[in-house]
Amino acid sequence: MPDVRTHEPDDHDNAYSGLLVGDARWAFGTDFEDPLAGVDTTVPDGVDPAALATYCLMLGDDALVLSQRLAEWCSNAPDLEEDIALSNIALDLLGQARLLLARAAAADGTQVPTLPAGSPVPDEDRLAFFRDDLRFRNVRLVEIPGGDFAETITRILLFSTWRLALFEELAHSRDAVLAAVAAKAVKELTYHRDFAGRWFLTLARGTDESRRRLLAGLDTLWPYWTELFETHGVERETAEAGVGVDPAGLAADVDVVLDQVLAASGVDRPALPPLAGVQGRKGRDGRHTEVLSRMLAEMQVVARAHPGGHW
Amino acid sequence: MSVVAEPEPEADPEADPKAEPESEAQLEARFQAVIARKDRIEPRDWMPDAYRRTLVRQVAQHAHSEIIGMQPEGSWISRAPSLRRKAILLAKVQDEAGHGLYLYSAAETLGVSRQELTEMLISGRQKYSSIFNYPTLSYADMGTIGWLVDGAAICNQVPLCRTSFGPYGRAMIRICKEESFHQRQGYELLATMMRGTDEQRAMVQESVDRFWWPSLMMFGPPDDASPNTAQSMAWGVKTHTNDELRQRFVDMTVPQAAALGVTLPDPDLVWNAERGAHDFGQPDWDELWAVVKGNGPCNTQRVAHRKRAWDEGAWVREAALAFANGTGTGTDDNDNDNDGTEPA
Ligand SMILES: [Fe+2]
Ligand SMILES: [Fe+2]
């Protein structure tokens, strides 16, 4: 059985606290309503704040939407160890999302949905719970329904391998907030990838049924895979400004890692073409599959019923 | 960190391999002496069969409660109204899975596997706490469950940290620490909502009204209707009666409710200066028995959910076993039934 790793206790009040161990540049307030309390959120010279904010939404929405999908496993996993592990991954991604959405709001407040005057809802929650699906910027890979355990493992393997390569570069961003978020996330993503890699191998080499399910899951996800490496205009602009990462440049590194796992598992890359967009527009443009609206309807229902709510 | 409660098997200093085996009476006397000096019984110690059976029943029921208890709150993770609350709730439900793990591990030291116990649960042969057969109907329930349900669990469980069976007592020490954290978080959610809108305050009160009586029922039937209590207390498995613990919970909760600004739905609840404790009304015990017998609002749903998850996970557990044993697909041991999926 895989190692059991549980969440750190007491780490909710300040989502930023874990970022800054031993780093004297950061001094955090105790106001947990603001995850960036005390952090210098000045946009670096020569960077368009709107582009930086949109870029943060892209990376934040990827994490938020996959976290929502993975949390669906809670109380539904094959055994308690996997239940705990999947919750852990969902928690890590949720923490990343919270920081990235807060960073987006701090960079460009005009992208934050407006609520009635006096609403105490913090900016990152406005972005998560009061933004419509057509303004979500996640890739479609993370939103499609979870499928079985094999498909879930495959999705975590694909996503975390890609995101780990991306965040290793992002840790050198000129934006100090993005750099700090990425540096912390690298450790988390390494664990996610290793967890998924071990299970991918186990299912590939387990029983005939597990292998059949794994291959079916890979086929389901593969058409969404290349979208992660297509460079959106905002990604290009932020990469050129030294704050973002051009995902097209990640393909070689990601392939090396993925091919190792596939080879050890005796699995070939599916020969399936990528999924088209709508007039070329895909997840990064806010054009999604049909399921995202329904997922957000559930995610946002309580928050939207109480636009002046204190939580 | 390891979430498994480690048994601490120790060589028995009095054991002499050349000595005559002890008689049943001597073993029983030694067992009773350990209980009398409030020491721990460890898995490899001799214990009466009835003691073992009682413990398996209690630890299993406790483990099942943790695991079934993931469902009523888990159902709101997808709808949590802020990113912070979503993280808190998901982490809490994850903690409950961890509690289930510690307790199944403690039960394993008594010779029953997690798989056997899970099958007892999903076939309805073993029970879990009836509180989880009530539905969660608003986000305020996430606070109320933390405050009242985890609160009642703490009252029940703190004495169990000193229970006579070592692995159970040690598991309870870890669990109680986390339960008190859950209780504070739940209370903090309610306090935050009470500072919010009128709708939120009404939501909190409605939730407290619904969960107050089921929380009192968590301590079990009144002492005069609790057949197992006397023996369990004599063995040191249980250290306080149901009514003692219920009283402690009420006395602890009343001032917290006042600070929160909610009322508790009991017209008979009043301070009794003579007793130095609160008098309070009786829960509807007929309802408790209906829920215990399987007719609660969610009994069928909770067990069906657990059974579905367990059954749907069977192929994953089988694959992990085959892989670990080296008998999996594409390994040497399996050449005879190669199904063509062997990589080139
Ligand atoms: Fe618990
Ligand atoms: Fe708890």
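Residues numbered from 1 in each chain as written. Chains lettered and ligands numbered in written order. Predicted model: local features only at pLDDT ≥ 70, side-chain atom pairs only at ≥ 80, totals over all residues. Heavy atoms only, no water.

**Digging into the coordination of the iron ion (ligand 2)**
Residues and elements named next belong to chain B.
Then step 1. Protein coordination at the iron ion (ligand 2) comes from Glu96 (OE), Asp150 (OD), Glu179 (OE) and His182 (ND1), with a distance range of 1.9 to 2.4 Å.
Then step 2. Along the chain, the residues that donate to the iron ion (ligand 2) are spaced as E-x53-D-x28-E-x2-H.
Then step 3. The two metals, the iron ion (ligand 2) and the iron ion (ligand 1), are separated by 3.4 Å and share glutamate 96 as a common coordinating residue. A residue pair is termed long-range when its members are at least 10 positions apart, and glutamate 96 in helix 4 (residues 83-108) and glutamate 179 in helix 7 (residues 166-194) qualify at 83 residues. Comparing glutamate 96 with glutamate 179 shows no difference in burial state: the two are buried. (Donors = N, O, S within 2.8 Å, 3.2 Å for Na, K, Ca; no water. Helix = DSSP H or I, 4+ residues; strand = E, 2+ residues; numbered from the N terminus. Buried < 20%, exposed > 50% of the residue type's maximum accessible area, 1.4 Å probe, protein only.)

**Some details on the coordination of the iron ion (ligand 1)**
Residue and element names in this part refer to chain B.
Then step 1. At 1.9 to 2.2 Å from the iron ion (ligand 1) lie its protein donor atoms, namely Glu66 (OE), Glu96 (OE), His99 (ND1) and Glu179 (OE).
Then step 2. In primary-sequence terms, the residues that donate to the iron ion (ligand 1) follow E-x29-E-x2-H-x79-E.
Then step 3. For glutamate 96, a relative accessible area of 5% translates into the label buried.

**Structural notes on the pattern of salt bridges**
Residue and element names in this part refer to chain A.
Then step 1. Counted according to the given criterion, the structure contains 32 salt bridges over all chains.
Then step 2. A salt bridge links arginine 98 to glutamate 124, with the shortest nitrogen-to-oxygen separation between them at 3.9 Å. Pair noted here: arginine 98 is in helix 2 (residues 80-107) and glutamate 124 is in helix 3 (residues 123-129), with a separation of 26 residues, a long-range link. Across the pair, glutamate 124 and arginine 98 agree in class, each one buried.
Then step 3. In this structure, arginine 213 and glutamate 209 form a salt bridge, with 3.0 Å as the shortest nitrogen-oxygen distance. Of this pair, arginine 213 and glutamate 209 both sit in helix 6 (residues 208-225), four residues apart, which is roughly one turn of the helix.
Then step 4. Given a relative accessible area of 22%, arginine 213 falls into the partly exposed group.
Then step 5. Three or more residues joined by partner-sharing salt bridges are found here, namely Asp148, Glu209, Arg212 and Arg213. (Salt bridge = Lys/Arg side-chain N within 4 Å of Asp/Glu carboxyl O.)

**With respect to unusual backbone geometry**
Then step 1. The phi dihedral of glutamine 279 of chain A is positive, around 50 degrees, even though this residue is not glycine.
Then step 2. Structurally, the position occupied by glutamine 279 of chain A is in the loop between helix 8 (251-265) and helix 9 (291-305).
Then step 3. The phi dihedral of lysine 38 of chain B is positive, around 55 degrees, even though this residue is not glycine.
Then step 4. Position of lysine 38 of chain B among the secondary structure elements: in the loop between helix 1 (24-36) and helix 2 (49-68).

**Brief notes about helix 1 (residues 49-71) of chain A**
Then step 1. Relative to the 33 Å expected for 23 residues at 1.5 Å per residue, helix 1 of chain A spans 32 Å between its end C-alpha atoms, a close match to the ideal helical length.
Then step 2. Counted residue by residue, helix 1 of chain A has 21 buried out of 23 residues, so it is predominantly covered. (Expected span 1.5 Å × (residues − 1).)

**Describing the interface of chain A and chain B**
Then step 1. Residue-level contacts link 60 residues of chain A with 61 residues of chain B.
Then step 2. Note on chain A versus chain B: buried area summed over both sides is about 5,200 Å², and carbon and sulfur give 66% of it.
Then step 3. Run the count over chain A and chain B and you get two salt bridges.
Then step 4. We note a salt bridge from aspartate 79 of chain A to arginine 114 of chain B, for which the minimum N-O separation is 2.8 Å.
Then step 5. Examining the composition of the side of chain A that touches chain B, we find that 11 residues originate from one element, helix 2 of chain A, more than from any other. (Contact = heavy atoms within 4.5 Å. Buried area = accessible area lost by both parts, 1.4 Å probe.)

**Thoughts on the side chain of histidine 232 of chain A**
Residue and element names in this part refer to chain A.
Then step 1. Counting through the fold element by element, histidine 232 comes out in the loop between helix 6 and helix 7 (233-240).
Then step 2. On the basis of relative accessibility, which here comes to 17%, the residue histidine 232 falls in the buried class.
Then step 3. If we skip the residues at most four places from it in the chain, histidine 232 touches Met58, Arg137, Arg284 and Asp285.

**Quick look at the confidence of the model for chain A**
Then step 1. Of all residues in chain A, 89% have pLDDT values of 70 or greater, and the mean over the chain is 91.
Then step 2. This model gives residues 10-31 of chain A a pLDDT under 50, and the stretch forms 44 contacts once residues within four places in sequence are excluded. (pLDDT = per-residue confidence, 0-100.)

**Quick look at the packing of helix 6 (residues 140-157) of chain B against helix 7 of chain B**
Residue and element names in this part refer to chain B.
Then step 1. With their axes 7 Å apart at the nearest point, helix 6 and helix 7 run at an angle of 145 degrees to one another. Like other packed secondary-structure pairs, helix 6 and helix 7 cross with a definite hand, here left-handed. Facing helix 6, whose interface residues are Ala140, Met142, Gly143, Thr144, Gly146, Trp147, Asp150, Gly151, Ile154 and Gln157, helix 7 presents Met172, Ile175, Cys176, Glu179, Ser180, His182, Gln183, Gly186, Tyr187, Leu189, Leu190 and Met193.
Then step 2. Looking at side-chain class alone, the contact of helix 6 with helix 7 contains 11 nonpolar, nine polar and two charged residues. (Axes fitted to C-alpha atoms, helices over the stretch in contact; angles between N-to-C directions. Left-handed = near helix turned anticlockwise from the far one by under 90°. Nonpolar A, V, L, I, M, F, W, Y, C, P; charged D, E, K, R; others polar.)

**Notes on the nonpolar core**
Then step 1. Membership of the largest hydrophobic core comes to 187 residues, with the highest contact counts inside it found for Phe167 and Leu203 of chain A together with Tyr51 of chain B.
Then step 2. With 17 residues, helix 2 of chain A is the largest single contributor of residues to this core.
Then step 3. Among all residues touching phenylalanine 167 of chain A, those that are not within four sequence positions of it are Leu59, Gln96, Leu100, Ala182, Ala185, Val186 and Leu189 of chain A. (Core = buried A, V, L, I, M, F, W, Y, C linked by side-chain atoms within 4.5 Å.)

**Some details on helix 4 of chain B**
Then step 1. For helix 4 of chain B, built from 26 residues, the straight-helix expectation of 38 Å at 1.5 Å per residue is met to within 8% by its first-to-last C-alpha distance of 38 Å.
Then step 2. Counting buried residues in helix 4 of chain B gives 25 out of 26 residues, a clear majority hidden from the surface.

**Focus: a negative patch on the surface**
All names here are of chain A.
Then step 1. A cluster of acidic residues, Asp48, Glu168, Glu169, Glu237, Glu240, Asp246 and Asp253, forms a negative patch at the surface.
Then step 2. Elements represented by at least two residues in the negative patch include exactly helix 4 (149-170) and helix 7.
Then step 3. Within the secondary structure, glutamate 240 sits in helix 7. (Patch = residues over 30% accessible without salt bridge, like charges linked within 9 Å, V, L, I, M, F, W, Y side chains within 5 Å. Areas by Shrake-Rupley, 256 points an atom, 1.4 Å probe, with all protein chains shown as cover. Lys, Arg positive; Asp, Glu negative; His and termini not counted. Charge placed at Lys NZ, Arg CZ, Asp CG, Glu CD.)

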